[in-house]
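Reading the structure
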Amino acid sequence: MNLTEIKPADIITHIEQNFNRSQATGLNSLIFLALREDTSVAYQWRSWGFEDIPKQVIDWCGCMDEHDLIELALSITNCLYDEILPAAVELKNAQAVDVQAIEEQFQPTLLSDY
């Protein structure tokens, strides 16, 4: 694929098919750092050493303007949220465990207990 033809949707498809959660989170972090620091994603990639993120994807990000990078970051965030949400709902719908009473203690807590 030609670098000038790449779109956020193309990168999202690649991420969904090839990245694990750590890589997707890492790419998202690099994008946000690049936007915040007014640098490139490639610069952040080199600075932070996220070598598990393929250079090809970094090059694709380098061809995007700020608007497309924000769109990409939002899409990555949504994909991560969609991955995490079913586990959260499953925990919420799980049956409650038996509640056990905690006996009241009348000794003052120590700072070292924290």
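The structure under discussion appears in the preceding block.
Residues numbered from 1 in each chain as written. Predicted model: local features only at pLDDT ≥ 70, side-chain atom pairs only at ≥ 80, totals over all residues. Heavy atoms only, no water.

Backbone phi values are negative for most residues with the exception of glycine, while trans is the configuration of most peptide bonds. A positive phi angle, close to 55 degrees, is found at Asp 38, a residue other than glycine. Inspection of the secondary structure puts Asp 38 in the loop between helix 2 (21-37) and helix 3 (41-48). (Helix = DSSP H or I, 4+ residues; strand = E, 2+ residues; numbered from the N terminus.)

So, on to the pattern of salt bridges. For the structure on display, the rule yields 3 salt bridges. One salt bridge in this structure joins Glu 37 and Arg 36, with 2.6 Å as the shortest N-O distance. Close ionic contact of Asp 59 with Lys 55 constitutes a salt bridge, the shortest N to O distance being 2.8 Å. Taken together, the residues Asp 59 and Lys 55, both in helix 4 (residues 55-62) and 4 residues apart, mark about one turn of the helix. (Salt bridge = Lys/Arg side-chain N within 4 Å of Asp/Glu carboxyl O.)

Put simply, helix 3 and helix 4 touch, their axes get as near as 8 Å, and they point 145 degrees apart. Each of Val 41, Ala 42 and Trp 45 in helix 3 lies in contact with helix 4, whose residues at this interface are Lys 55, Ile 58 and Cys 61. Of the residues that constitute the contact of helix 3 with helix 4, the class distribution is 5 nonpolar, no polar and 1 charged. (Axes fitted to C-alpha atoms, helices over the stretch in contact; angles between N-to-C directions. Contact = heavy atoms within 4.5 Å. Nonpolar A, V, L, I, M, F, W, Y, C, P; charged D, E, K, R; others polar.)

Within the element layout of this structure, Gln 44 appears in helix 3. By relative accessible area, which is 5% here, Gln 44 ends up buried. Leave out the neighbours within four places in its chain, and Gln 44 touches Leu 30, Leu 33, Ala 34, Glu 37, Thr 39 and Gly 49. (Buried < 20%, exposed > 50% of the residue type's maximum accessible area, 1.4 Å probe, protein only.)

Let us now look at the nonpolar core. In this structure, Ile 11, Ile 15, Leu 27, Ile 31, Val 41, Leu 72 and Ile 76 are the most contacted members of the largest nonpolar core, which totals 23 residues. Put simply, the parts of the chain that give this core at least two residues each are helix 1 (8-18), helix 2, helix 3, helix 4 and helix 5 (66-93). Setting aside anything within four residues of it in sequence, one finds Ile 31 in contact with Val 41, Leu 69, Leu 72, Ala 73 and Ile 76. (Core = buried A, V, L, I, M, F, W, Y, C linked by side-chain atoms within 4.5 Å.)

Side chains that are three or four residues apart share a direction in an α-helix, a result of its 3.6 residues per turn. Along helix 3, the residues that are buried comprise Val 41, Gln 44 and Trp 45. Looking straight down helix 3, one finds its buried side chains confined to an arc of 105 degrees; they lie on one side. Two residues or fewer past helix 3, Gly 49 is found with a positive phi of approximately 70 degrees. (Arc of directions from axis to C-beta.)

This part takes up the packing of helix 2 against helix 3. Axis separation between helix 2 and helix 3 bottoms out at 8 Å; the angle between their running directions is 115 degrees. Relative to helix 3, helix 2 is oriented so that their crossing is right-handed. Every residue of helix 3 that contacts helix 2 at Leu 27, Leu 30, Ile 31, Leu 33, Ala 34 and Glu 37 is listed here: Val 41, Gln 44, Trp 45 and Trp 48. Its residues assigned to classes, the contact of helix 2 with helix 3 shows 8 nonpolar, 1 polar and 1 charged. (Left-handed = near helix turned anticlockwise from the far one by under 90°.)

Geometry only, nothing functional implied.
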